[in-house]
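# Structural characterization, general
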Amino acid sequence: MKDKTQVTASESTRASQSREEAPTLRPPVNVFEDAEGITLEADMPGVSRERLQLRVDQDSLLIEGDIQAAVPQGMEALYADVRATRYSRSFALSRELDTENIDASLNNGVLRLRIGKRAEVRPRKIEVRVD
Amino acid sequence: MFGSLSNFDDSLFDDLRRMQREMDEMFGPRTWPAGIRSVARGTYPPINVGATSEGVDIYLFAAGLDPKTLDISIQQNLLTVAGERKVEVPDDVEYYRRERYSGAFKRVISLPEDVDPDQVDAHYVDGILQVSVKRREASRPRQIQVK
């Protein structure tokens, strides 16, 4: 199942700073660029669409999400690689990216963000005329 | 819409916080002696194991898998999970970061001695594979009636 959704831009990332300081996980990402824009993929297993938070403004992108897993009553940990329940990672954006034009999807814990470039900065092919 | 996420219903939010706190307490910073089959931190996929008197639950944090390709087997008290995650790599792009694991993986997890290999259940939700193994009937705590 694929959840396709549009990101809403927020004015600032202040909300995240007011949260209590709990340890967070840094999701591994792949970032790549082509002529039309930048794609970011992040592994955030355990995060559902409802618990994913994306904040975008002109200069920065903040990705956050809470892990939800079915934990039976009275469970004790025998072993844990993952020792926090919240993912958080931020990136600085650059001017040529069109933050009004972001597409996000979340599929089996993989977040995929597509940030387009402003039309005026897309590379233009320059024809060389031979006279 | 993500914008509406900030307007959480209070009770729901409290509930989530409480659950997170419980999970934080349970899986928070702590040191275990390294198991003989344990692997270096950062190995894909990360694993948490939790136990109750009824059974043992293994959580594999494995986003982006096709559950059909997973090979889960249990022999006595050894659980083996093998699979492959293929991360699609377009070739006509410029890469800045490639941190996501791509390729085959296999992890072997030692479970307590009293698990029942015939009572295993596996679910894959939002990128977490949860394998639940029940303990043998005989080793579960029993309520004893006073006559």
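For clarity, every value in this text was computed on a predicted model and none was experimentally measured.

## What to know about the environment of Glu50(A)
Residue and element names in this part refer to chain A. Along the chain, Glu50 turns up in the loop between strand 3 (37-43) and strand 4 (52-56). Under the relative-accessibility criterion, Glu50 is labelled exposed at 52%. Sequence spacing of Glu50 and Pro27 is 23 residues, and the spatial spacing of their C-alpha atoms is 18 Å.

## Some remarks on the nonpolar core
The biggest cluster of nonpolar side chains holds 31 residues, and the ones touching the most others in it are Leu40(A), Met44(A), Leu61(A), Ile63(A), Leu111(A) and Leu113(A). Element by element, the count of residues in this core is highest for strand 8 (residues 97-107) of chain A, at 4 residues. The contacts of Ile63(A), once residues within four sequence positions are left out, are Leu40(A), Met44(A), Gln53(A), Leu54(A), Tyr87(A), Ser88(A), Arg89(A), Phe91(A), Leu111(A) and Leu113(A). One finds Ala51(B), Val56(B), Tyr124(B) and Val133(B) within the second-largest nonpolar core, a separate group that totals 20 residues.

## Structural notes on the sheet that holds strand 7 (residues 86-92) of chain A
The pairing of strands in a sheet happens through backbone hydrogen bonds and is either parallel or antiparallel. All names here are of chain A. Pairing in this open sheet of 3 strands is antiparallel, and the strands run 4-5-7 from one edge to the other. If you trace the sheet from one side to the other, it starts and ends with strand 4 and strand 7, each paired once. In this sheet, adjacent strand axes meet at a mean angle of 10° when their direction is disregarded. Sheet analysis places strand 5 (residues 60-66) next to strand 7, joined by 7 bridges and oriented antiparallel. Looking at strand 7, one finds that Asp66 is bridged to Arg86.

Analysis parameters
- Residues numbered from 1 in each chain as written.
- Chains lettered and ligands numbered in written order.
- Predicted model: local features only at pLDDT ≥ 70, side-chain atom pairs only at ≥ 80, totals over all residues.
- Heavy atoms only, no water.
- Helix = DSSP H or I, 4+ residues; strand = E, 2+ residues; numbered from the N terminus.
- Buried < 20%, exposed > 50% of the residue type's maximum accessible area, 1.4 Å probe, protein only.
- Core = buried A, V, L, I, M, F, W, Y, C linked by side-chain atoms within 4.5 Å.
- Contact = heavy atoms within 4.5 Å.
- Pairing = 2+ DSSP bridges.
- Axes fitted to C-alpha atoms, helices over the stretch in contact; angles between N-to-C directions.

From the geometry alone we can't say anything about function, so treat these as descriptive.
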